[in-house]
Amino acid sequence: SMNPVHTPHSPESRRRRRGTVLVGALAALLLAGCASVAQPDPHDPWESYNRSMTRFNDAVDEAVLKPVATAYKTVLPQTARTGVGNFFGNLGDVWSFVNNVLQAKPEGALHSFWRVVINTTVGIGGVFDPASEMHLVRHREDFGQTLGRWGAPPGPYVVLPLLGSSTLRDTVALPVDYYGQPLGHVHDIPVRNSLTAVQAVDTRSRLLGVTDVLEEAALDRYTFQRDAYLAKRRNDVYDGNPPPEPDPADEAPAEPADNAASAPAKAKP
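Draft legend 1. Quick look at helix H10 (residues 221-237). In this model, H10 (17 residues) spans 24 Å end to end at C-alpha, consistent with the 24 Å of a helix rising 1.5 Å per residue. Taken together, the buried positions of H10 are Tyr222, Arg226, Tyr229, Leu230, Arg233 and Val237. Taken end-on, H10 shows its buried residues confined to a sector of 95°, consistent with a single buried face. Here the buried face of H10 lies against helix H2 (47-75), helix H6 (143-149), strand S1 (157-160), strand S2 (164-167) and helix H7 (168-180). Two residues or fewer after H10 comes Asp239, characterised by a positive phi angle close to 55°.

Draft legend 2. Quick peek at the pattern of salt bridges. With the rule as written, the count across this model stands at 17 salt bridges. For the salt bridge of Asp239 with Arg149, the shortest nitrogen-to-oxygen distance reads 3.5 Å. Residue Asp239 is located in the loop between H10 and helix H11 (248-251), and its partner Arg149 is located in helix H6; the two are separated by 90 residues in the primary sequence. In this structure, the salt-bridge partner of Asp170 is Arg169, at a minimum N-O distance of 3.7 Å. Per residue, the accessibility class of Asp170 equals that of Arg169, and both read buried. Here the salt bridges share partners, and the residues they tie into one network are Asp41, Asp44, Arg226 and Asp227.

Draft legend 3. Here's a closer look at the packing of helix H3 (residues 78-102) against helix H8 (residues 189-206). Direction vectors running N to C along H3 and H8 enclose 120°, while the axes themselves pass 10 Å from each other. Where H3 crosses over H8, the two elements pack in a sense that is left-handed. Contacts between H3 and H8 pair Arg81, Thr82, Val84, Gly85, Phe87 and Phe88 from the former with Leu195, Val198, Gln199, Asp202 and Arg206 from the latter. Residues of the contact of H3 with H8, tallied by class, amount to five nonpolar, three polar and three charged.

Draft legend 4. Representation of unusual backbone geometry in the model. The residue Ala104 is not glycine, and still its phi comes out positive at about 60°. Following the sequence through the fold, Ala104 ends up in the loop between H3 and helix H4 (106-121). The backbone of Leu162 shows a phi angle near 70°, a positive value even though the residue is not glycine. Structurally, Leu162 can be placed in the loop between S1 and S2.

Draft legend 5. Here's a closer look at the packing of H2 against H10. Packing of H2 against H10 leaves a shortest axis separation of 11 Å and a crossing angle of 105°. The orientation of H2 relative to H10 falls into the category roughly perpendicular. Together, Glu47, Asn50, Arg51, Thr54 and Asp58 of H2 and Arg221, Tyr222, Thr223 and Arg226 of H10 make up the contact between the two elements. Residues belonging to the contact of H2 with H10 are distributed by class as follows: one nonpolar, three polar and five charged.

Criteria and cut-off values
Residues numbered from 1 in each chain as written. Predicted model: local features only at pLDDT ≥ 70, side-chain atom pairs only at ≥ 80, totals over all residues. Heavy atoms only, no water. Helix = DSSP H or I, 4+ residues; strand = E, 2+ residues; numbered from the N terminus. Expected span 1.5 Å × (residues − 1). Buried < 20%, exposed > 50% of the residue type's maximum accessible area, 1.4 Å probe, protein only. Arc of directions from axis to C-beta. Contact = heavy atoms within 4.5 Å. Salt bridge = Lys/Arg side-chain N within 4 Å of Asp/Glu carboxyl O. Axes fitted to C-alpha atoms, helices over the stretch in contact; angles between N-to-C directions. Left-handed = near helix turned anticlockwise from the far one by under 90°. Nonpolar A, V, L, I, M, F, W, Y, C, P; charged D, E, K, R; others polar. Parallel < 35°, antiparallel > 145°, perpendicular 65-115°, else oblique.

Just geometry here; none of it tells us what the structure is for.
Next comes the structure, spelled out in structure tokens:
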């Protein structure tokens, strides 16, 4: 009735050692798989912070911005909302004209200039948009795109509080964009704040359907939103014809050749 003694070379001991080796190998494979999945995106080295800020922005949007934008869209007729969008679009054309000039884009600069002139006068301060009926295309440009046109790289992806997706380059350009926009030169603070709030609500109301589709379609909303933003900004900088991105594998240094093959042959003693 006594328990058998297992010697180091007994069949039972060998089975136990094989089981331990198998479990260790499986654990190593799992850890290697997790490490490969957790490898950070080279465009998003601050992913941990960005995901936390995205959750904060989503919470603010769900509690404040989305309900206000939904009420705005429900109460205000489509015609009035179109007029509000035209008004702020006309203000944006002023800054687009400046950036088109800085980027040496004569067609975009001329279109932006005449859009502002026609919509401000015939369009009654930009509430109406007769310039579009005259086939004057809106060329949206900001200082972040101008920096990109001048050769500045986008830098890491970053999520800003309340403002959302950005890059390091676009974040550096924000103060210039704010100062260049006509709203930045409204000295009456209550009026400026009111106009800024209306612009934010109007913009959010136009994205209600987009966010609903995004929530249903994207497995990882954060990754989808990040990749879409980076692709759009790259497309904007290159006017819809971006060059192919370099393959990281092509930029990796070549592995050194085998020592036996590369080293010169030594004379035999």
